[in-house]
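Remarks on the overall topology
Now for the letters of each chain:
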Amino acid sequence: MSEENLRSDSSRSGLLDLDHDSYQEPAKNCYKTFMSKQKKCPTCKGTGKIYQDEENKLVALIPVSDNRLKPKRIWLWILLTFSICIIIVIMLVFWLSPRKIIISAIKSDVHPYNYTFITDKNSSTLGIILEFEELFQIKNENYFSVTMKNLSLQLNRNSHITLPKISYTKDYVLPARANVNFSVLVKYIMYSLNDPYAGLCITGVLNNLFCLISSSFTFSTLWDSSLLQDASKIQYIYCSNRTLSRY
């Protein structure tokens, strides 16, 4: 009987051929005991074949010394994974660490773009209204955008502190690593009754006012929703009608 006929007979009978050579030499499908006696395999009975319905029930034993059980390059993969995690952490710390927001007033001499007299019913001059533009340079050194939530402005002139009316862009978003110029429109009112310098500006005797302008910005950042940044600068505000600027 040929080898092909034997394989076809075994497949028809539902047997799996573990080793086709073992059919001709059953002695090869034996194992040695501790007493150095050869015994036939109890599973295949020395034939080298098992039934197909027993295929999923049997467990193959692999020696511990088998190379397939030894992990390959395990330390290389551990080192590579650890290095990647360290790099990611360093990059996150570098990109997300809070940095400064630098604010500075640009102008030293402030020229009003609008000059209005305050008069009573008898056309007597009571004071003046100076409208001018205050320009700030804001530099965001963070690698993420910040939002300016609030702004307050204070004029200190010879211990005469005033909070003028201001107009600016609300919720201004400052991009990452940006350096922008931010404009604030200021409406400064001076009355002759409580400010002697107002009369001097009205008559043209005094052309400018020596003033300390202090500003306070509130920002919303990634780590702080109410970050305060202050900026102060001594400026000359031109208060005479002859010192109007083109706006």
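Located above this text is the structure these notes cover.
Attention in this report is confined to the structure presented alongside it. (Residues numbered from 1 in each chain as written. Predicted model: local features only at pLDDT ≥ 70, side-chain atom pairs only at ≥ 80, totals over all residues. Heavy atoms only, no water.)

1. Observations concerning the pairing of strand β7 (residues 114–119)
How we decide: Only strands joined by at least two bridges in the DSSP assignment are considered to pair. The helix and strand labels rest on DSSP assignments: H or I over at least four residues marks a helix, E over at least two residues marks a strand, and numbering proceeds from the N terminus.
In this structure, β7 lies alongside strand β8 (residues 125–140), joined through 6 bridges in antiparallel fashion. When the bridges of β8 are listed, T116 appears paired with I129. From the end of β7 to the start of β8, which pair antiparallel, there are 5 residues, and S123 there has a positive phi angle of about 65°.

2. Some thoughts on the packing of aromatic side chains
Where we set the bar: Pairing of aromatic rings covers Phe, Tyr and the six-membered ring of Trp, with a centre-to-centre limit of 6.5 Å; geometry is then stacked below 30 degrees between planes, edge-to-face above 60, and tilted otherwise. Exposure classes here rest on a 1.4 Å probe applied to the protein chains alone. A residue is buried below 20% of its type maximum, exposed above 50%, and partly exposed in between. Cation placement over rings: the criterion is NZ of Lys or CZ of Arg within 6 Å of the ring centroid and within 35° of the ring normal.
Counted under the stated rule, the structure contains 9 aromatic pairs. Aromatic pair F94 and Y143: ring centres 5.3 Å apart, planes at 45°, arrangement tilted. Of this pair, F94 sits in helix α3 (residues 74–96) while Y143 sits in the loop between β8 and β9 (146–157), and the two are 49 residues apart along the sequence. Looking at F94, the relative accessible area reads 42%, which means it is partly exposed. Look at F210 and Y236: their rings are 5.5 Å apart centre to centre, the planes differ by 65°, and that puts the pair in the edge-to-face class. Of the two residues, F210 sits in strand β14 (residues 208–220) while Y236 sits in strand β15 (residues 227–238), which places them 26 residues apart along the sequence. Relative accessible area serves as the criterion here: at 35%, Y236 is assigned to the partly exposed category. Here the basic side chain of R99 rests over the ring of F94, its NZ or CZ set 5.0 Å away from the ring centre.

3. Topic: the nonpolar core
Stated formally: In plain words, nonpolar cores are sets of buried Ala, Val, Leu, Ile, Met, Phe, Trp, Tyr and Cys residues tied together by side-chain atoms within 4.5 Å. In what follows, a contact means two residues having at least one pair of non-hydrogen atoms within 4.5 Å.
Judged by nonpolar contacts, the single largest core of 35 residues is most densely connected at L130, I138 and F217. When residues of this core are traced back to their parent elements, those giving at least two are β5 (101–105), β8, β9, β13 (179–191), α4 (196–203), β14 and β15. If you tally residues by element for this core, the top one is β13, at 6 residues. What I138 contacts, discounting residues up to four positions off in sequence, is I101, I102, I103, L174, A178, N179, V180, F182, F217 and F219.

4. A word on the pattern of salt bridges
Short version of the rule: Should a side-chain nitrogen of Lys or Arg be within 4 Å of a carboxyl oxygen of Asp or Glu, the pair is scored as a salt bridge.
Within this structure, the stated rule accounts for 3 salt bridges. Note that R157 is salt-bridged to D195, the shortest N-O span being 2.1 Å. Residue R157 is found in strand β9, and its partner D195 is found in the loop between β13 and α4; the two are separated by 38 residues along the sequence. Like D195, R157 is buried.

5. Things to note about the environment of M190
Among the structural elements, M190 can be located in strand β13. Those residues in contact with M190, other than ones at most four positions away along the chain, are L126, G127, I128, L130, R157, D195, Y197, A198 and L209.

6. With respect to the environment of L130
Counting through the fold element by element, L130 comes out in strand β8. The spacing of L130 and V186 is 56 residues in sequence and 8.0 Å in space, taken between C-alpha atoms. Sequence-distant contacts of L130, defined by excluding residues within four places in its chain, comprise P112, N114, Y115, V186, K187, Y188, M190, I237, Y238 and C239.

7. Comments concerning the state of the cysteines
Let me state the cut-off plainly: Pairs of cysteine sulfur atoms within 2.5 Å are what we label disulfides.
On inspection of all chains with the given rule, the structure shows 1 disulfide. Disulfide pairing places C201 opposite C239 at an S-S distance of 2.1 Å. Given an S-S torsion of about -75°, the disulfide between C201 and C239 has left-handed geometry. With C201 in helix α4 and C239 in the segment after β15, this residue pair connects regions lying 38 residues apart in the sequence.

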